[in-house]
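# Residue-level structural notes
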Amino acid sequence: MVVAQNRIRRLKPRVMILLGPDKANVRAGLVELMRFLTKREDVGTIDLGAASAGQRVLVVLDHVCRAEDVEPFRALHSGCALLLTTRNRGVIDAVQGAAIDVSLLSDKESADWFTHYSGMTAALEQARGPQRDRVAELVKRIAVGHCGRLPLAVRMVAAGVRRAAGGPGASLAQMEAQLISEARELDARASDAHVPAQ
């Protein structure tokens, strides 16, 4: 994976927006960003440069496949920063970004990160028997299979599971229920992504 950065070292953003691969398209992500910047629903005629002027926002575009998907976001005001992740170095070259190579996590690291960032480390360490085995298998399935051992993806999905299950005080049963739900949703998205267009 390659990470491109632009003006990040000299910027201390107060807010982070994450636009991941689950967005229907680039336009949907851009509209979401414009709504965030302007606090308005109707953003059809607003310019991104004007909307972001005077703001300090870090925009993260995760899993970018094509350089043209980055172009609309390059209109961000100079006080903002754009960070993208991609497996295609050609994207970085095309947008003339600085690149930092980031390696994939191992299967064990992926599961350990997911367990940590989802807040279930202590509960898993204390658990015994079939429930522990089921939860460990779900964690591995999500962190390795669906997140592809990508550090940002593992952390984001784990944090989402933690929030949805009720935070760090959630029981292992609550976490298991949320993991099952998350795995089903990710399975459905993966299935939809492989359905040929009619």
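Rules behind the numbers
Residues numbered from 1 in each chain as written. Predicted model: local features only at pLDDT ≥ 70, side-chain atom pairs only at ≥ 80, totals over all residues. Heavy atoms only, no water. Helix = DSSP H or I, 4+ residues; strand = E, 2+ residues; numbered from the N terminus. Buried < 20%, exposed > 50% of the residue type's maximum accessible area, 1.4 Å probe, protein only. Contact = heavy atoms within 4.5 Å. Phe/Tyr/Trp six-rings, centres within 6.5 Å; stacked < 30°, edge-to-face > 60°. pLDDT = per-residue confidence, 0-100. Expected span 1.5 Å × (residues − 1).

### Re the overall build of the protein chain
Each helix and strand in the protein chain was counted, giving 8 helices and 5 strands. When its helices and strands are written in sequence order, the protein chain yields β-β-α-α-β-β-α-β-α-α-α-α-α. When burial is assessed residue by residue, the protein chain has 38% of its 198 residues classed as buried. Long-range contacts, defined as pairs at least 24 residues apart, comprise 68% of the intrachain contacts of the protein chain with a sequence gap of at least 6.

### Things to note about the packing of aromatic side chains
Applying the stated criterion across every chain yields a total of 1 aromatic pair. On the numbers, 5.8 Å between centres and 70° between planes, the contact of Trp113 with Tyr117 is edge-to-face. Of this pair, Trp113 and Tyr117 both sit in helix α4 (residues 107-117), 4 residues apart, which is roughly one turn of the helix. On the accessibility criterion, Trp113 (31% relative accessible area) is partly exposed.

### What to know about unusual backbone geometry
Phi angles above zero are rare outside glycine, and Lys39 is one such case at about 60°. Looking at where Lys39 falls in the secondary structure, it is placed in the loop between α1 (26-38) and α2 (48-52). Positioned with a positive phi, Arg149 is a non-glycine residue whose angle comes to about 65°. Turning to its location among the elements, Arg149 is positioned in the loop between α6 (130-146) and α7 (151-165). Residue Arg149 is classed as partly exposed on the basis of its relative accessible area, which comes to 28%.

### Re the confidence of the model for the protein chain
Considering every residue of the protein chain, the mean pLDDT works out to 80; 83% of them sit at 70 or more. When pLDDT is averaged over each element of the protein chain, α4 comes out on top at 92 and strand β1 (residues 2-5) at the bottom at 49. pLDDT under 50 marks residues 5-13. Its contacts with residues more than four places away, or in other chains, come to 22 contacts. Counting contacts from residues 193-198, a segment whose pLDDT is below 50, to residues more than four positions away or on other chains yields 0 contacts.

### A short note on α6
Taking 1.5 Å as the rise per residue, α6 with 17 residues should run 24 Å; its terminal C-alpha atoms sit 23 Å apart, in good agreement. Those residues of α6 not exposed but buried are Val135, Leu138, Val139, Ile142, Ala143 and Val144. Of the residues trailing α6, Gly148 is marked for its positive phi of about 60°.

### Let's talk about the environment of Phe73
By the secondary structure assignment, Phe73 is in the loop between β3 (57-61) and β4 (81-86). The exposure class of Phe73 is buried, given its relative accessible area of 3%. Taking the C-alpha atoms as reference points, Phe73 and Leu48, 25 residues apart in sequence, are found 7.7 Å from one another.

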